[in-house]
Amino acid sequence: MIRAAVLWKDAHIIALNKPPGLPSQGGSGLGNRHVDGLSPALMFGYKERPVLVHRLDKDTSGVLLLARTERVARRLGTAFRNRETRKIYWAAVAGVPSPRMGTIRYGLVKAGGRGEEKMRCIHPGAVADTEGAKRATTDFAVLEALGTRAAWVALVPITGRTHQLRAHMAELGHPVVGDGKYGGSGQDNPGDGWGASLGGEISRKLHLHARMIRFTHPITNEVITLTAPLPEHMKRTFKAFDWREDAVPADPFEDPA
């Protein structure tokens with residue numbers, strides 16, 4: 001299964017198209033069923049197993065990088081920390097954000113309480129006075145809309161906070177389809193997330209996908225751009241909404257030449 005998820009590899013890096021539902025790293029009761037635990041299957045003749053250099057949420061699909069050597073892991077890790085990589089996510093969200101392009105700057109702090117980790121948005125002006133809060137920035141752009149009911153958005157995390165994209169879109173009033181955690185208690189079937197009430201072919205799974213990553217190769221200095229196909233449940237939703245993957249720019253935030 002994990003070998004089938006390999007999107008691209010060379011002598012230094014492996015890129016996966018991580019399937020939804022597979023955690024990046026382990027936790028209680030998970031055993032080895034996570035990317036890190038399955039990484040021995042990705043050695044491809046090397047003596048050491050590849051190591052993760054960043055993470056995706058369990059239910060988020062898309063491009064995930066592993067380094068095949070410690071040297072490459074260090075260099076890629078530095079590139080991620082210094083924000084020298086570019087990541088674009090695709091999401092289907094409730095309603096249509098207005099304006100259709102902008103930047104979200106709400107800070108994030110752990111919401112507390114038992115159970116799974118959840119983040120709470122903090123007004124940018126209150127971040128400095130809120131214990132544990134960190135600044136967070138997300139660029140967004142609407143690519144297509146289904147009337148006023150749903151939108152296909154591109155998201156760029158300028159910072160890399162836990163659940164940043166999901167919490168930011170929910171704070172705007174446009175939670176990600178299928179996001180039970182941030183769907184809001186006012187929605188129908190909150191445990192399944194907004195989108196459960198759409199019915200028909202619309203899956204209740206999270207509609208958030210790491211579509212593209214661009215980085216400078218730490219060994220060859222070549223600029224690498226990798227694009228991950230949508231998972232099946234998002235393909236079905238896009239087909240139902242008549243959204244075509246090839247009808248939008250790869251990076252909608254770039255100025256046209």
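Preceding this section is the structure that the text describes.
Because the structure is a prediction, the values reported are computed rather than measured.

A.B. asks: Which parts of the structure should I look at to understand the overall build of the protein chain?
C.D. replies: Across its full length, the protein chain carries four helices and 12 strands. Considering the protein chain as a whole, with its 257 residues, one finds that 47% of them fall into the buried category. Within the protein chain, residue pairs in contact and separated by at least 24 positions form 64% of the contacts whose partners lie at least 6 positions apart. Surface exposure of the protein chain reaches about 13000 Å², of which carbon and sulfur atoms provide 45%.

A.B. asks: Help me understand the packing of aromatic side chains, please; the structure alone is not making it clear to me.
C.D. replies: For any pair of aromatic rings, geometry is given as the distance between the ring centres together with the angle between the planes. Throughout the structure, instances matching the rule amount to six aromatic pairs. Between the aromatic rings of phenylalanine 238 and tryptophan 243, the centroid separation amounts to 5.3 Å while the plane-to-plane angle is 90°, which identifies the pairing as edge-to-face. In this pair, the class of phenylalanine 238 matches that of tryptophan 243, namely buried. Here the aromatic cluster, defined as three or more aromatic residues joined through ring pairs, consists of Trp90, Trp152, Phe238, Phe241 and Trp243. In this structure, lysine 9 is placed above the aromatic ring of phenylalanine 44, and the distance from its NZ or CZ to the ring centre is 4.7 Å. The ring centre of tyrosine 46 lies 3.9 Å from the NZ or CZ of arginine 68, which sits over that ring.

A.B. asks: Looking at this structure, I do not really get the nonpolar core. What am I missing?
C.D. replies: The tendency in soluble globular proteins is for nonpolar side chains to be buried as a group. Among the nonpolar cores identified, the biggest contains 26 residues, and Val35, Leu155 and Leu208 are the most heavily contacted of them. At the level of secondary structure, the elements contributing two or more residues to this core comprise β2 (13–18), β4 (61–67), β5 (86–94), β9 (138–146), β10 (150–157), α3 (164–171) and β11 (208–216). By size, the runner-up hydrophobic cluster in this structure holds 19 residues, among which are Ile88, Ala154, Trp243 and Phe253.

A.B. asks: Help me understand the pairing of β2 in this model?
C.D. replies: The side chains of a regular strand alternate, first on one face of the sheet and then on the other. Of all the six residues making up β2, six are buried; the element is thus mostly covered by neighbouring parts of the structure. The alternating pattern of β2 places Ile13, Ala15 and Asn17 and Ile14, Leu16 and Lys18 on opposite faces, both of which are buried. Note that strand β1 (residues 6–9) and β2 share three bridges and pair antiparallel. Residue pairing across strands places lysine 9 opposite isoleucine 14, the latter belonging to β2. Counting the residues between successive antiparallel strands, the hairpin from β1 to β2 contains three residues. Two elements, β2 and β4, share six bridges in a ladder whose sense is antiparallel. Bridging across to β4, asparagine 17 finds its partner in valine 63.

A.B. asks: Would you mind showing me how to read the environment of proline 229 here?
C.D. replies: Position of proline 229 among the secondary structure elements: in the loop between β12 (223–227) and α4 (232–241). Under the relative-accessibility criterion, proline 229 is labelled partly exposed at 40%. Each C-alpha atom, one on proline 229 and one on histidine 209, is 9.0 Å from the other, the two residues being 20 residues apart in sequence. The contacts of proline 229, once residues within four sequence positions are left out, are Leu7, Asn17, His209 and Arg211.

A.B. asks: How should I be thinking about the side chain of arginine 211 in this particular structure?
C.D. replies: Among the structural elements, arginine 211 can be located in strand β11. What makes arginine 211 buried here is its relative accessible area of 13%. Not counting the four nearest positions on each side in its chain, arginine 211 is found in contact with Val63, Ile88, Tyr89, Trp90, Leu226, Thr227, Ala228, Pro229, Leu230 and Glu245.

A.B. asks: Honestly, the pattern of salt bridges in this entry has me stumped. Any pointers?
C.D. replies: Side-chain pairs of opposite charge can arise where the charged atoms are in close proximity. For the structure shown, the criterion picks out 10 salt bridges. For arginine 49, the salt bridge goes to aspartate 36, with nearest N and O atoms at 3.2 Å. Residue arginine 49 is found in the loop between α1 (35–38) and β3 (51–52), and its partner aspartate 36 is found in helix α1; the two are separated by 13 residues along the sequence. Given a relative accessible area of 37%, arginine 49 falls into the partly exposed group. We note a salt bridge from arginine 211 to glutamate 245, for which the minimum N-O separation is 3.1 Å.

Conventions adopted
- Residues numbered from 1 in each chain as written.
- Predicted model: local features only at pLDDT ≥ 70, side-chain atom pairs only at ≥ 80, totals over all residues.
- Heavy atoms only, no water.
- Helix = DSSP H or I, 4+ residues; strand = E, 2+ residues; numbered from the N terminus.
- Buried < 20%, exposed > 50% of the residue type's maximum accessible area, 1.4 Å probe, protein only.
- Contact = heavy atoms within 4.5 Å.
- Areas by Shrake-Rupley, 256 points an atom, 1.4 Å probe, with all protein chains shown as cover.
- Phe/Tyr/Trp six-rings, centres within 6.5 Å; stacked < 30°, edge-to-face > 60°.
- Lys NZ or Arg CZ within 6 Å of the ring centre and 35° of its normal.
- Core = buried A, V, L, I, M, F, W, Y, C linked by side-chain atoms within 4.5 Å.
- Pairing = 2+ DSSP bridges.
- Salt bridge = Lys/Arg side-chain N within 4 Å of Asp/Glu carboxyl O.

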